[in-house]
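# An overview of the molecular structure
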Amino acid sequence: MNSYRDLDIYKMAFDLAFKLHKASLDLPKFELYEQGSQIRRSSKSVKDQIVEGYGRRRYKADYIKFLVYSHASCDEAISQLDMLIALYPQMSVFQDLAKEYDILGRKINTYIDYVEKNWKT
């Protein structure tokens with residue numbers, strides 16, 4: 001592994017943030033700066049916390065801390081998606097993204113377990 005870009009969780013988080021960003025731009029105008037802005041920030045935070053943790057990977061506790069932050073941001077994105085699904089059930093893209101974020105959350109959690117058990121500092 002030469003870069004955070006090699007991590008499957010980063011690749012998935014980046015892809016989902018990109019998809020979510022594009023989908024959020026189809027929200028009604030008044031939501032672009034409310035719910036839309038909030039979900040864009042939380043979705044991008046998932047990938048950014050992975051990157052920051054990777055930069056501190058030399059220190060196992062710091063790496064795990066930022067992976068936990070990433071997981072928390074993933075949960076936040078799911079919560080925001082739940083709200084968008086309730087508000088705009090006709091926009092099925094948000095339901096699809098929620099399922100993918102659930103999978104990402106499980107993968108981040110699995111990776112945290114791996115780092116806790118196997119990471120050497």
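Everything that follows concerns the structure shown earlier in this document.
About the cut-offs
Along each chain, numbering runs from 1 in the same order as the chain's sequence is written. Selection of residues for local features in this predicted model requires a pLDDT of at least 70, selection of side-chain atom pairs for listing and counting requires 80 or more, and totals for whole chains, interfaces and linings are taken over all residues. Working from all heavy atoms in the structure, the side-chain values ignore hydrogens and water. Any two rings among Phe, Tyr and Trp, with Trp reduced to its six-membered ring, count as a pair given centres within 6.5 Å; such a pair is stacked if its planes are under 30 degrees apart, edge-to-face if over 60, and tilted if neither. Under the scheme applied here, a residue whose accessible area is under 20% of the maximum for its type counts as buried, over 50% as exposed, and between as partly exposed, the area being computed with a 1.4 Å probe on protein chains only. Numbering goes from the N terminus for both helices and strands, where a helix is a DSSP run of H or I of at least four residues and a strand is a run of E of at least two. In this analysis, two residues are considered to be in contact whenever any of their non-hydrogen atoms come within 4.5 Å of each other. Definition of a polar contact: a pair of N or O atoms within 3.5 Å, with one able to donate and the other able to accept a hydrogen when the atoms are protein atoms, and with sequence-neighbouring residues admitted only if both atoms are side-chain atoms. We define a salt bridge as a contact between a side-chain nitrogen of Lys or Arg and a carboxyl oxygen of Asp or Glu at a distance within 4 Å. Side-chain atoms within 4.5 Å are what join buried Ala, Val, Leu, Ile, Met, Phe, Trp, Tyr and Cys residues into a set we call a nonpolar core.

## Here we look at the packing of aromatic side chains
Aromatic ring pairs: the centre-centre distance and the angle between the two ring planes describe each pair. Scanning the model with the defined rule gives eight aromatic pairs in all. Here the aromatic rings of Y4 and Y10 are separated by 4.9 Å at their centres, their planes lie at 80 degrees, and the arrangement is edge-to-face. Residue Y10 is classed as buried on the basis of its relative accessible area of 11%. Geometrically, the ring pair formed by Y111 and Y114 is stacked, given 6.0 Å between the ring centres and 25 degrees between the ring planes. Residue Y111 and its partner Y114 are located together in helix α4 (residues 92–118), separated by three residues, close to a single helical turn. Put simply, the rings of Y4, Y10, F14, Y54, Y63, Y111, Y114 and W119 touch in pairs and so form one group of aromatic residues.

## Comments concerning the environment of K60
If you trace the backbone, K60 turns up in helix α3 (residues 60–87). For K60, a relative accessible area of 25% puts it in the partly exposed group. In the structure, K60 is positioned 21 residues away from L81 in sequence and 31 Å away in space, judged by C-alpha atoms. Setting aside residues no more than four positions away along its own chain, K60 makes contact with V115, E116, W119 and T121. A polar side-chain atom of K60 sits 2.8 Å from the main-chain carbonyl oxygen of E116.

## Section: the pattern of salt bridges
As enumerated under the stated definition, the model contains five salt bridges in all. Two residues, R56 and E52, come together in a salt bridge whose shortest N-O distance is 3.1 Å. A residue is classified by how much of its surface remains accessible, and R56, at 34% relative accessible area, is partly exposed. Residue E52 is classed as partly exposed on the basis of its relative accessible area of 35%. Note that K65 and D62 form a salt bridge whose closest N and O atoms lie 3.8 Å from each other. A residue pair is termed a helical-turn pair when its members lie 3 or 4 positions apart in one helix, as K65 and D62 do in helix α3 at three residues. Put simply, D15, K19 and E100 are held in one network by salt bridges that share partners.

## Brief notes about the nonpolar core
Counting residues in hydrophobic clusters, the biggest one holds 35 residues, and the most contacted among them are L7, Y101 and L104. If you list the elements that add at least two residues to this core, you get α1 (8–24), α2 (35–55), α3 and α4. It is α4 that contributes the most residues to this core, nine residues altogether. Sequence-distant contacts of L7, that is, excluding residues within four places in its chain, are made with M1, I50, Y54, Y63 and Y111.

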